[in-house]
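# Architecture at a glance
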Amino acid sequence: MSDWNGLPDQPERSGWYWLAGRYYPDMWVLDLWNGKTRMWGDGTMSPELCAQRCIYGGPVLTPPELAQMRKDERGRAAKVAQEISVHYYALGDAAENDVDVVAFEERMFAADECAVAIRALTDDEGKKS
């Protein structure tokens, strides 16, 4: 049994949530939570019963929430690429011969280009989110 109490993250808010059956944990389904009646589905499943029968997966995200998640993830990926560029810049400064300097600079520039490309990515409709 899990520690889940049968309530969604924001029980006052009605909405759709991902649930899986305890005996079928890989089969996720959508279920409706009613914040006014504090019941699941068609109003016949209490939070206590749901906690016994189900595994909670979380809310179904709206398109703006998904867009923000993608934007945040791209930001994190671009930041990592920029950190790699800085790392190669430092290695180039410490290099003892011209061949190594050129090699580290090429890697630095490539990582910079990756960061720029990641920041410029768009969604399926061509919009930056």
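A brief report on the enclosed structure follows.

## Focus: the pattern of salt bridges
- Counted by the stated rule, this structure contains 1 salt bridge.
- One salt bridge in this structure joins R76 and E73, with 2.4 Å as the shortest N-O distance. Here R76 and its partner E73 are both found in helix α2 (residues 63–94), 3 residues apart, which amounts to about one turn of the helix.

## Description of helix α3 (residues 98–119)
- End to end, α3 covers 32 Å across 22 residues, agreeing with the expected 32 Å (1.5 Å per residue, within 8%).
- If you follow the buried residues of α3, they end up packed against α2.
- Two or three places before V99, at the start of α3, stands the capping residue N97, its side-chain oxygen 3.2 Å from that residue's backbone nitrogen.

## Considering unusual backbone geometry
- Positive phi outside glycine occurs at R38, with the angle close to 55 degrees.
- Within the element layout of this structure, R38 appears in the loop between β2 (24–34) and β3 (39–40).

## Structural notes on the packing of aromatic side chains
- Summed over all chains, the structure comprises 6 aromatic pairs.
- Taking 6.2 Å as the distance between ring centres and 65 degrees as the angle between the ring planes, the aromatic pair formed by W4 and W40 counts as edge-to-face. Residue W4 is located in the segment before β1 (15–21), and its partner W40 is located in strand β3; the two are separated by 36 residues in the primary sequence. One exposure class covers both W4 and W40, and it is buried.
- Residues W4 and Y56 carry aromatic rings whose centres are separated by 5.1 Å and whose planes lie at 20 degrees to one another, so their mutual orientation is stacked. Placement of W4 in the segment before β1 and of Y56 in strand β4 (residues 54–59) is noted, with a sequence separation of 52 residues between them.
- Here the aromatic residues W4, Y17, W33, W40 and Y56 are joined through ring pairs into a cluster of three or more.

Rules used in this analysis
Residues numbered from 1 in each chain as written. Predicted model: local features only at pLDDT ≥ 70, side-chain atom pairs only at ≥ 80, totals over all residues. Heavy atoms only, no water. Salt bridge = Lys/Arg side-chain N within 4 Å of Asp/Glu carboxyl O. Helix = DSSP H or I, 4+ residues; strand = E, 2+ residues; numbered from the N terminus. Expected span 1.5 Å × (residues − 1). Contact = heavy atoms within 4.5 Å. Polar contact = N/O pair within 3.5 Å; in protein donor to acceptor, adjacent residues only side chain to side chain. Phe/Tyr/Trp six-rings, centres within 6.5 Å; stacked < 30°, edge-to-face > 60°. Buried < 20%, exposed > 50% of the residue type's maximum accessible area, 1.4 Å probe, protein only.

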